[in-house]
Amino acid sequence: MRNPQLNKHGELQHLLTLDGLPRDIITAILDTAAPFTEVAEREVKKLPLLRGKSVFNLFFENSTRTRTTFEIAAKRLSADVVNLNINTSSASKGESLLDTVDNLCAMQADMFVVRHAASGAPMLIAQHLQATGRDHIHVVNAGDGRHAHPTQGLLDMYTIRHFKQDFSQLTVAIVGDVLHSRVARSQIAALTTLGVPEVRVIGPRTLLPTEVEKLGVRVFHDMREGLKGVDVVMMLRLQNERMNGALLPTPQEYFKVWGLTADKLALAKPDAIVLHPGPMNRGVEIDSAVADGAQAVILPQVTFGIAVRMAVMSMLGSH
Amino acid sequence: MNILDAEALCRQLAEQIRPHVTPATALVGIYTGGLWLAERLHKELGISQPLGAIDVSFYRDDYGSKGLHAKPQRTGIPFSVESAHIILVDDVLYTGRTTRAALNGLFDFGRPARIELAVLVDRGSRELPIAARYCAHTLPEALPRDQNLELQRDEAGRLTLELTQLG
């Protein structure tokens, strides 16, 4: 079966997940993002590529950073951007997801940026568009349930490549609440596809998915052990709002064992970088001294995120 | 195309431009061939303003039909475009659409006082009202559409003009 993200010419039609996305496409997105970073330094921060196109941000779940950076990216490409906060609109009146999509298609939508609490919602929209012959409309997954957050994974890869150049010699650790994290899934898929020889996941047993080893990672239940000699530390946010039941002790106890502090970071390579997808829980998964320290690249991640999203949207919008 | 000696044309182009160079003159080369040429001219003419480079992929008018160029390069304009005297450099002038895209790009950096165009070869078939102020060679007859003429640079840095048949 054809990869549903690619069209019959093998070009990117939708961006739904990094799992199974060919390496040359991931690399092409990162390569395309590089020149877009320069646009932010210009007097006129705008390119004409999506002029006359309508991008709908469909956010069925709250987000500030992701929605804002998608909006900025689309606007810097000259698209018209419409933000729909569905919590307060039709869905609360009972309209189905695909009815909402059909209505927006009737308003000449060219692209949907979708965030949804249900895993697979962006894929459902993409399949619906394909089944109804609307191949000119593109879907970008901006985070679905526990499944995937592909543009976050891509901007993390861009950030790593920016600071470390080459993926083929790296040891990368992903730390924290992997179980609830769509970000972690996208990161693991991208890191393995790009040929990172050692990907580690570090976390308490209750916050790691069962059989996570099958994703091709090394599992550590001791943070100090897992951080030894790594080049990149990718922290995850503790997903308080996703917690069901008592998976965890108090945030203070979590911080004591799993929080990234300067003394734990000292076990990584001296030039190791620290990433975090935001929003950070300071004093829970990361100490302020690390978050604001010289090894943190958390704010560059946000800036690169705009360029990566511009690259994705301009590649999708070109066919 | 053996009859065109890119190295000789490059020297001719430099001599055409030389009398008009002032301390305010800045060069911007269009990726890829135009930038190679601009690097040469920049050195040859002793231009004091740093050299600019522009990739027109983000401004092309065929994005809607042909999509994004596979490997866009980083545009870098290391001088203030506001009130600048700019010579835009390209290897081959053809439809004029690349020049149009480059002009649009430059204006997003500011309002230049003047932009002139310098090219190695004018191959004819213009589709826009664009002309080169400096041009080393104009082909007596427009090249057929199925032929591509572009500058190449070998490892030693030597410039040649290559004519290829498009598939």
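Only a predicted model underlies this, so the values are computations on that prediction, with no experimental measurement involved. (Residues numbered from 1 in each chain as written. Chains lettered and ligands numbered in written order. Predicted model: local features only at pLDDT ≥ 70, side-chain atom pairs only at ≥ 80, totals over all residues. Heavy atoms only, no water.)

**Describing the overall build of chain B**
Then, number 1: Per the secondary structure count, chain B includes four helices and seven strands.
Then, number 2: Listing each helix as α and each strand as β along chain B from the N terminus yields α-β-α-β-α-β-α-β-β-β-β.
Then, number 3: Whereas a compact globule of 167 residues would reach a radius of gyration of roughly 15 Å, chain B reaches 15 Å, a difference of no more than 12%.
Then, number 4: The principal-axis extents of the C-alpha atoms in chain B amount to approximately 40 × 40 × 35 Å.
Then, number 5: Expressed as a percentage of the 167 residues in chain B, the buried residues total 49%.
Then, number 6: Sequence separation of 24 or more characterises 67% of the internal contacts of chain B that already satisfy a separation of 6 or more.
Then, number 7: Only carbon and sulfur atoms are counted for the fraction: they give 49% of the accessible area of chain B, which is about 8,200 Å².
Then, number 8: Charge centroids of chain B, computed over 18 positive and 21 negative side chains, lie 3 Å from each other. (Helix = DSSP H or I, 4+ residues; strand = E, 2+ residues; numbered from the N terminus. Rg over C-alpha atoms; globule rule 2.2 N^0.38 Å. Buried < 20%, exposed > 50% of the residue type's maximum accessible area, 1.4 Å probe, protein only. Contact = heavy atoms within 4.5 Å. Areas by Shrake-Rupley, 256 points an atom, 1.4 Å probe, with all protein chains shown as cover. Lys, Arg positive; Asp, Glu negative; His and termini not counted. Charge placed at Lys NZ, Arg CZ, Asp CG, Glu CD.)

**Comments concerning the pattern of salt bridges**
Residues and elements named next belong to chain B.
Then, number 1: What the rule picks out here adds up to 27 salt bridges over all chains.
Then, number 2: In this structure, D62 and K66 form a salt bridge, with 3.7 Å as the shortest nitrogen-oxygen distance.
Then, number 3: Judged by its relative accessible area of 13%, D62 is buried.
Then, number 4: According to the relative accessible area criterion, K66 is exposed, its value standing at 66%.
Then, number 5: In this structure, R158 and D154 form a salt bridge, with 3.7 Å as the shortest nitrogen-oxygen distance.
Then, number 6: Judged by its relative accessible area of 47%, R158 is partly exposed. (Salt bridge = Lys/Arg side-chain N within 4 Å of Asp/Glu carboxyl O.)

**A few points about helix α1 (residues 23-36) of chain A**
All names here are of chain A.
Then, number 1: With 14 residues, α1 ought to run about 20 Å at 1.5 Å a step, and its terminal C-alpha atoms sit 21 Å apart, in line with that.
Then, number 2: Among the residues making up α1, those that are buried are I25, I26, I29, L30, T32, A33, A34, P35 and F36.
Then, number 3: Buried residues along α1 sit against α6 (150-164), α7 (182-193) and α12 (298-316). (Expected span 1.5 Å × (residues − 1).)

**Examining the packing of aromatic side chains**
Then, number 1: The tally for this structure, following the rule as stated, stands at three aromatic pairs over all chains.
Then, number 2: Both rings, one in F36 of chain A and one in F58 of chain B, keep their centres 4.1 Å apart while their planes meet at 15°; by these two values the pair is stacked. With F36 of chain A in helix α1 and F58 of chain B in the loop between β2 (52-54) and α3 (63-66), this pair bridges two chains.
Then, number 3: Between F56 of chain A and F112 of chain A, the ring centres sit 6.2 Å apart and the planes meet at 50°, which makes this aromatic pair tilted. A residue pair is termed long-range when its members are at least 10 positions apart, and F56 of chain A in strand β1 (residues 54-59) and F112 of chain A in strand β3 (residues 111-116) qualify at 56 residues.
Then, number 4: Judged by its relative accessible area of 4%, F56 of chain A is buried.
Then, number 5: Across the ring face of F70 of chain A, the terminal group of R309 of chain A is positioned such that the distance to the ring centre comes to 4.8 Å.
Then, number 6: Between the NZ or CZ atom of R123 of chain B and the centre of the ring of Y94 of chain B, over which it lies, the distance is 3.7 Å. (Phe/Tyr/Trp six-rings, centres within 6.5 Å; stacked < 30°, edge-to-face > 60°. Lys NZ or Arg CZ within 6 Å of the ring centre and 35° of its normal.)

**Considerations on the layout of surface pockets**
Gaps left between atoms show up when a probe the size of a water molecule is rolled over them.
Residue and element names in this part refer to chain B.
Then, number 1: By volume, the largest pocket is sized at about 1,100 Å³.
Then, number 2: Mapped by element, the contributors of at least two residues to the lining of the largest pocket are α2 (33-44), β3 (85-93), α4 (97-107) and β6 (147-153).
Then, number 3: Counting residues per element, the lining of the largest pocket draws most heavily on β6, which supplies five residues.
Then, number 4: When its residues are assigned to classes, the lining of the largest pocket shows 11 nonpolar, 13 polar and 13 charged. (1 Å grid on protein atoms, 1.4 Å probe; cavity = no way out; pocket = protein on both sides within 12 Å on 5 of 7 lines; lining within 4 Å. Points joined across faces, edges and corners; volume = space filled by probe spheres on them. Nonpolar A, V, L, I, M, F, W, Y, C, P; charged D, E, K, R; others polar.)

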